[in-house]
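# Structure at a glance
Okay, here's what each chain looks like letter by letter:
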Amino acid sequence: MIETKNLKISFGSLNVLKDISTTIKQGEKVVIIGPSGSGKSTILRMIAGLLPSGKNAKIHLDNKDITKLPPNKRDIGMVFQSPCLFEHLKIIDNATFALDCKGISKKQRQEIGKDWLKRFGLDSMENRLPHTLSGGEAQRVSLVRTLIAEPKVVLFDEPFSALDAPLRKKLTADLSTWQKELGFTAILVTHDIEEAKKLGDKIIVMKAGKMIWEGKPEDFVEELL
């Protein structure tokens, strides 16, 4: 379970996020939707520890206060809109980067990495460099790099928005499969209403830095936006 209380942030006189409080169950898929600039991605960055969460704010994961922990200590992974792969590293080394940071031996990293790349249909690409990949392939490597560390929570900041419609549809369907198989809690930001309805166990609607609604996909109406 992940719980946020009173998340808030301002840049000068601009209130970007105002008192965001919610509870997300273990294994749940939550989709955050809303107009550009409504604070969707800011919430993810706060949960990940990439932005301060504000005075008197709290973030709990499995009843543990992680509010002041650095990102690498939170057991939370994040997938960004851009794959952000290391261009000088082979795909196998990109995929296993988190394991390298944990001090796991190269031999073990290679074994684990090959298994994960195979799971994501990337087993023939382990020795290639990122510039040789398609957009969809690069984003799958980015997913492997995040999930290989087996975080309890994975945050997705519009990871498929730059891809063409057929590939986006496929990877969205694959994401649901991977989430069920691996059992992580997922929080995903999107602009796509149909994607939100299809993916989410719960939808959160943001507007002007405020959470104006949360509930089940079947109760969501477009007028909320």
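Relevant structure appears above.
Residues numbered from 1 in each chain as written. Predicted model: local features only at pLDDT ≥ 70, side-chain atom pairs only at ≥ 80, totals over all residues. Heavy atoms only, no water.

### Overview of helix α1 (residues 40-48)
Of all nine residues in α1, seven are buried; the element is thus mostly enclosed. Turning to α1, its buried residues are Lys 40, Thr 42, Ile 43, Leu 44, Met 46, Ile 47 and Ala 48. Immediately beyond the C-terminal end of α1, within one or two residues, lies Gly 49, with a positive phi of roughly 90°. (Buried < 20%, exposed > 50% of the residue type's maximum accessible area, 1.4 Å probe, protein only. Helix = DSSP H or I, 4+ residues; strand = E, 2+ residues; numbered from the N terminus.)

### Focus: helix α6 (residues 165-182)
Taking 1.5 Å per residue as the helical rise, α6 with its 18 residues ought to reach 26 Å, and the 25 Å between its terminal C-alpha atoms agrees with that figure. Considered for burial, the residues of α6 that qualify are Arg 168, Leu 171, Thr 172, Asp 174, Leu 175, Ser 176, Trp 178 and Gln 179. Against the buried residues of α6 lie β3 (29-33), α5 (135-147), β7 (153-157), β8 (185-190) and α7 (193-199). Measuring from the side-chain oxygen of the N-cap residue of α6 to the backbone nitrogen of Leu 167 gives 3.1 Å; that N-cap residue is Asp 164. Backbone geometry just after α6 places Gly 183 at a positive phi near 80°. (Expected span 1.5 Å × (residues − 1). Contact = heavy atoms within 4.5 Å. Polar contact = N/O pair within 3.5 Å; in protein donor to acceptor, adjacent residues only side chain to side chain.)

### Here's the deal with the pairing of β3
Judged by how many residues are buried, β3 sits mostly within the fold: five of five residues are covered. Of the two faces of β3, both are covered, the one formed by Lys 29, Val 31 and Ile 33 as well as the one formed by Val 30 and Ile 32. Sheet analysis places β3 next to strand β9 (residues 202-207), joined by four bridges and oriented parallel. From the neighbouring strand, Val 31 faces β9, where its bridge partner is Ile 203. (Pairing = 2+ DSSP bridges.)

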